[in-house]
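Chain residues, written in single-letter form:
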Amino acid sequence: MRGKSARYLSAALVVVMTGGLMLSGCSGSGESSGKTEIEILQYKPEAATYFDQVEEQFNATHDDIHLTIDSPNDASTIMRTRFIREDYPDIIGIGGDINYSYYVDAEILADVSDYAGMADIKDSYIDIAEALEIVPTDGTYIVPYVANAAGILYNRDMFEEHGWEIPTNWGELMSLCEEIKAEGILPFYFGFRDTWTCLAPWNGIAVDLAPSDLCKQVNRGEANFTEGYAEAAEKYIQLMEYGPEDPVAYGYNDACTAFARGESAMYPIGSYAVPQILSVNPDMNIDSFVMPASDSSDGNTLNSGIDLGFCVTADCPNKEAAYEVLDFLLEDENIQAYVDDQNAIPCREGDFELAPYVDGMTEYIESGNMTDYQDHYYPSEMAADAILQTYVIDKDTDAFLARFDKDWQRYNRDIIREVQEYEENGGNE
């Protein structure tokens, strides 16, 4: 394992090693083919059919490169285990979250700033990727492919029937909720029995009200969550007043089903929930709007992050062949096929047709007014979703904020130490 921070990555992976060591470390080089072998290991099994088609089409049109794409259910575990063994795929497909931060810091990924395709990637997503670095690092280490967006899904037919206007600030949202309640309709449904869903409205509110680099400020010792998340915490719990009486009584599937059946007018969740909702009600007319958590109508931003990006590993023996594969993935028709299949947002500039479910977010997407999910900076060991679920149950704002600060220091101590050492050295590693 290379790199100054290998010890941090190794510590983070201990929990997966017991099962991971049972996995094969063979990447299947296929040297007998006489072709350059490129292997992609990507973490989205729900897109496996798409990647099977990409693999088939690429191999049918390239004589000198053979592409293998693996999309296992436990890709993250396999990926980490192979990193520990120094058995690296040529390319990995991952999301832009804390794991990406660890991989950059451990020097597992190659600098792809010389890849010509980067010129077509939207600056907003390159900025999001760079912001995830634990300490500033020269180079570019991911090619953002597609993004997702989270805000508020709404029943378009119900809104049109009642003449409800899309809110553009927090006051308007609260007034809308009162209007909806007055009609005997539940404004929101939540699925907080599944703790991960607690993060959706939290992220949507926090990106409007907290600094986008709050987590990094805390790591540098320049801020704390008690102050930085105070307004977001108050508005988050205020939102609960307009949902089911017991928001943790229902899970994600329950919430999707209830919203699909018209039991609520809105659902604060990401665009990724639309396929599940449509599986219940294929004819539902769904649109979305950005969470208007700011008191000012021009103070909102779209909560969007890199849902899938491709990283060439530092040990890839043939970077040029890897780049040729990336060129193929970034072709218009392949991106559009992924967008159609997964209801995604392209990270590349181009004239792509987006799903109608994100119509209300288009102006933010086109203008680049997007901010990454706060939870992309949260370590999984901290279980921020469970902290939020507890907050929903006890509604103790002071206790929630104090616990967030306390647990952050506990689960980020290695990163905090590294960041502060970096700062003490004048920004030099």
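Structural notes, computed from the coordinates. Note that the coordinates shown come from a computational prediction; the quantities given were computed from them, not determined experimentally.

1. Points about helix H18 (residues 397-411)
An α-helical turn contains 3.6 residues, so any two residues separated by three or four positions project in the same direction. Its 15 residues place the ends of H18 21 Å apart at the C-alpha level, agreeing with the 21 Å of an ideal helix rising 1.5 Å per residue. As for H18, its buried residues are in contact with helix H8 (199-209), helix H9 (214-219), helix H10 (225-228), helix H11 (230-239), helix H17 (384-394) and helix H19 (413-424). The residue sitting at the N-terminus of H18 and contributing the capping side-chain oxygen is Asp396; that oxygen lies 3.4 Å from the backbone nitrogen of Asp398.

2. Some points on the environment of Met370
Within the fold, Met370 resides in strand S11 (residues 370-371). As a C-alpha pair, Met370 and Ser304 span 66 residues in sequence and 5.8 Å in three-dimensional space.

3. A short note on the packing of H8 against H11
Look at H8 against H11: their axes get within 9 Å of each other, and the N-to-C directions meet at 140 degrees. Remark: the crossing between H8 and H11 carries right-handed chirality. Listed contacts from H11 to Pro201, Trp202, Ile205, Ala206 and Leu209 of H8 are Glu231, Ala232, Ala233, Lys235, Tyr236 and Leu239. Its residues assigned to classes, the contact of H8 with H11 comprises nine nonpolar, no polar and two charged.

4. Some thoughts on the packing of aromatic side chains
For the structure shown, the criterion picks out 32 aromatic pairs. Their ring planes at 25 degrees and their centres at 5.0 Å tell us that Phe225 and Tyr229 sit as a pair that is stacked. Pair check on accessibility: Phe225 and Tyr229 agree, each one buried. A ring pair is formed by Phe259 and Tyr267, whose centres lie 6.0 Å apart and whose planes are at 50 degrees; its orientation type is tilted. Aromatic ring contacts, followed pair by pair, group Phe188, Phe190, Phe192, Trp202, Phe225, Tyr229, Tyr236, Tyr378, Tyr391, Phe400, Phe404 and Trp408 into a single cluster.

5. What about the nonpolar core?
Judged by nonpolar contacts, the single largest core of 91 residues is most densely connected at Tyr100, Trp202, Tyr229, Tyr236, Leu239, Met266 and Phe404. By residue number, the principal contributor to this core is helix H7 (residues 170-182), which donates six residues. One finds Phe51, Ile65, Ile69 and Val112 within the second-largest nonpolar core, a separate group that totals 37 residues.

6. With respect to helix H2 (residues 48-61)
The terminal C-alpha atoms of H2 lie 20 Å apart, and with 14 residues this matches the ideal 20 Å at 1.5 Å per residue to within 8%. Looking at the buried positions of H2, the neighbouring elements they touch are strand S1 (36-42), strand S2 (65-70), strand S4 (143-150), strand S9 (302-312), helix H14 (319-329) and helix H15 (332-342).

7. What about the sheet that holds strand S7 (residues 264-267)?
One open sheet accounts for four strands, arranged S6-S7-S5-S8; its pairing is mixed. The outermost strands of the open sheet, each flanked by one partner alone, are strand S6 (186-188) and strand S8 (286-289). Strand-to-strand, the axes of this sheet are offset by a mean angle of 25 degrees, without reference to chain direction. Examined bridge by bridge, strand S5 (residues 152-155) and S8 share four bridges and lie antiparallel to one another. Along S8, the bridge assignment pairs Leu153 with Ser288.

8. What about the pairing of S7?
Relative to S7, S5 is paired through two bridges, and the arrangement is antiparallel. What sits directly across from Leu153, in S7, is Tyr267. Sheet analysis places S6 next to S7, joined by two bridges and oriented parallel. Across the sheet, residue Leu186 finds its bridge partner in S7, namely Ser264.

9. Some points on unusual backbone geometry
Residues other than glycine seldom take positive phi values, yet Glu86 does so here, at roughly 60 degrees. Within the secondary structure, Glu86 is located in the loop between helix H3 (75-84) and strand S3 (91-94). Backbone geometry places Lys395, a non-glycine residue, at a positive phi of 55 degrees. Here Lys395 is to be found in the loop between H17 and H18. The class for Lys395 is partly exposed, based on a relative accessible area of 48%.

10. Some words on the pattern of salt bridges
Scanning the model with the defined rule gives 15 salt bridges in all. Measuring nitrogen to oxygen at the nearest pair gives 3.0 Å for the salt bridge that ties Asp254 to Arg193. Taken together, the residues span a long stretch of sequence, with Asp254 in helix H12 (residues 252-260) and Arg193 in the loop between S6 and H8 at a distance of 61 residues. In this structure Asp254 comes out as partly exposed when scored by relative accessible area, which is 31%.

11. Digging into a negative patch on the surface
Residues Asp157, Glu160, Glu161, Glu165, Glu179 and Glu183 make up a contiguous surface patch of negative charge. In terms of residues, the negative patch owes the most to one element, helix H6 (residues 156-162), which gives three residues. Among the structural elements, Glu161 can be located in helix H6. Judged by relative accessible area, which is 64%, Glu161 ranks as exposed.

Analysis parameters
Residues numbered from 1 in each chain as written. Predicted model: local features only at pLDDT ≥ 70, side-chain atom pairs only at ≥ 80, totals over all residues. Heavy atoms only, no water. Helix = DSSP H or I, 4+ residues; strand = E, 2+ residues; numbered from the N terminus. Expected span 1.5 Å × (residues − 1). Contact = heavy atoms within 4.5 Å. Polar contact = N/O pair within 3.5 Å; in protein donor to acceptor, adjacent residues only side chain to side chain. Axes fitted to C-alpha atoms, helices over the stretch in contact; angles between N-to-C directions. Left-handed = near helix turned anticlockwise from the far one by under 90°. Nonpolar A, V, L, I, M, F, W, Y, C, P; charged D, E, K, R; others polar. Phe/Tyr/Trp six-rings, centres within 6.5 Å; stacked < 30°, edge-to-face > 60°. Buried < 20%, exposed > 50% of the residue type's maximum accessible area, 1.4 Å probe, protein only. Core = buried A, V, L, I, M, F, W, Y, C linked by side-chain atoms within 4.5 Å. Pairing = 2+ DSSP bridges. Salt bridge = Lys/Arg side-chain N within 4 Å of Asp/Glu carboxyl O. Patch = residues over 30% accessible without salt bridge, like charges linked within 9 Å, V, L, I, M, F, W, Y side chains within 5 Å. Areas by Shrake-Rupley, 256 points an atom, 1.4 Å probe, with all protein chains shown as cover. Lys, Arg positive; Asp, Glu negative; His and termini not counted. Charge placed at Lys NZ, Arg CZ, Asp CG, Glu CD.

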